[in-house]
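Working through the structure, step by step
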Amino acid sequence: MSSHYVLPTKVPTIVFPGSGDAARHLALMIDSLIRQNSSAGRATVLGLPTGSTPVGLYRELIRLHREAGLDFSRVVTFNLDEYYPMRPDDPHSYRFWMQETFFNHINVPPRNTHVPDGTIRAEDAEEYCQGYEEKIGRAGGIDLQVLGIGRTGHIGFNEPGSARHSRTRLVTLDPVTRRDAAGSFFGEENVPHQALTMGVGTILEARKVVLLAFGEHKAPIVRRAIEGPIGDAVPASYLQQHPDATFLLDRAAATGRAGGVSPLI
Ligand code: PGA
């Protein structure tokens, strides 16, 4: 294991030299969770994110599947969010992205994977979202929720203003989030204005939460999330109230510059 250090912050935070080291650390945590549950005859329920941040994690889990026999046949997954409206076969959809980046390369049964459905009618959203929550409940709740963090402080698509007890719902995206997504949509005007997302309350019910953040552009919001006041201005700050949440950072996200002295210490 590469050298890493733990910060005395309000949320336990581990800083790794690089994002690959953090991804490997989390992949090994997930590996042992799945193996423990499987040998006890239990399923493992994972809450999963999309975005640039978790790509290395998925690559590492695929490697563990191929080279170390990590078996996903008893794994159940729930993705955090999906753009709305959005078809699952649209290359911009998170369903498409998950298939390409992860699901198609492991042996998770397709029926075990859940991504919010961006094709539902808006008037059915409330019922649909309640159904998504019920599916999580029937699966036994989320064992491990993996998160990224947006520059707005969002987790999932819970933008500033999202309440501590919010549930899965249809939301409006923050302009900063739409701007950050513009590159993958060939222009901000093509980015959907809405999304379906698990709520803050849904996320906080996961038994364990691990948030990944890499790069100096994430440093200011990471600092506010783990040391700032708890509240809806930075939805990730609610993780300070979770009994088992951990932030895994690369040095740049901890310091605001590669290799500098951490402003978090
Ligand atoms: P990113 O997005 O991984 O592409 O930076 C993170 C997020 O918005 O949650």
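Note: the structure precedes this text.
The following refers to the structure shown. (Residues numbered from 1 in each chain as written. Predicted model: local features only at pLDDT ≥ 70, side-chain atom pairs only at ≥ 80, totals over all residues. Heavy atoms only, no water.)

Once that is clear, we can look at the site of the ligand. Residues in close proximity to the ligand include Gly 51, Ser 52, Thr 53, Gly 148, Ile 149, Gly 150, His 154 and Lys 218, which together make up its full environment. A distance of 3.0 Å is found between an oxygen atom of the ligand and a side-chain nitrogen or oxygen belonging to Ser 52. His 154 is positioned such that a nitrogen or oxygen atom in its side chain is 2.6 Å from an oxygen atom of the ligand. Bound to the protein, the ligand loses 74% of the 280 Å² it would expose on its own. (Near = heavy atom within 4 Å. Polar contact = N/O pair within 3.5 Å; in protein donor to acceptor, adjacent residues only side chain to side chain. Areas by Shrake-Rupley, 256 points an atom, 1.4 Å probe, with all protein chains shown as cover.)

Further remarks concern the packing of helix H2 (residues 55-68) against helix H3 (residues 94-101). Axis angle and axis distance: for two packed helices, these are the angle between their axes and the distance between the axes, and together they describe the pair. At a closest axis distance of 10 Å, the pairing of H2 and H3 adopts a crossing angle of 40 degrees. What the angle tells us is that H2 and H3 run oblique. Within the contact between the two elements, H2 uses Val 55, Tyr 58 and Ile 62 and H3 uses Trp 97, Met 98 and Thr 101. Considered class by class, the residues forming the contact of H2 with H3 number five nonpolar, one polar and no charged. (Axes fitted to C-alpha atoms, helices over the stretch in contact; angles between N-to-C directions. Helix = DSSP H or I, 4+ residues; strand = E, 2+ residues; numbered from the N terminus. Parallel < 35°, antiparallel > 145°, perpendicular 65-115°, else oblique. Contact = heavy atoms within 4.5 Å. Nonpolar A, V, L, I, M, F, W, Y, C, P; charged D, E, K, R; others polar.)

Take the pairing of strand S7 (residues 144-147) next. Across the two faces of S7 the burial is the same, with Leu 144 and Val 146 and Gln 145 and Leu 147 all buried. Pairing geometry for strand S3 (residues 44-48) and S7, over two bridges, is parallel. Paired with Leu 46 across the bridge in S7 is Leu 144. Relative to strand S10 (residues 208-213), S7 runs parallel, the two being bridged by four bridges. (Buried < 20%, exposed > 50% of the residue type's maximum accessible area, 1.4 Å probe, protein only. Pairing = 2+ DSSP bridges.)

For Asn 79, the location among the structural elements is in strand S4 (residues 75-79). Side-chain polar atoms of Asn 79 contact the backbone oxygen of Leu 48, separated by 3.3 Å. Beyond its immediate stretch of four places on either side in the chain, Asn 79 contacts Leu 48, Pro 49, Thr 50, Met 98, Phe 103, His 114, Val 115, Pro 116, Tyr 132 and Met 198.

The final tally for this structure, using the stated rule, is 12 salt bridges. Two residues, Arg 207 and Asp 143, come together in a salt bridge whose shortest N-O distance is 2.8 Å. You can see Arg 207 sitting in the loop between helix H6 (200-204) and S10 and its partner Asp 143 sitting in the loop between helix H4 (125-138) and S7, a full 64 residues away along the chain. Arg 207 gets classed as partly exposed once you look at its relative accessible area, which sits at 45%. (Salt bridge = Lys/Arg side-chain N within 4 Å of Asp/Glu carboxyl O.)

We now examine H4. Helical geometry note: an α-helix holds 3.6 residues per turn, so side chains three or four residues apart project in the same direction. Here H4 is 14 residues long and its end C-alpha atoms lie 20 Å apart, about the 20 Å a rise of 1.5 Å per residue gives. Residues Ala 125, Cys 129, Tyr 132, Glu 133 and Ile 136 constitute the buried set of H4. The buried residues of H4 occupy one face: seen down the axis, they fall within an arc of 95 degrees. Opposite the buried face of H4, at more than 90 degrees from it, the exposed residues are Glu 127 and Arg 138. Packing partners of the buried residues in H4 comprise S4, strand S6 (113-114), strand S8 (169-172), strand S9 (194-197) and H6. (Expected span 1.5 Å × (residues − 1). Arc of directions from axis to C-beta.)

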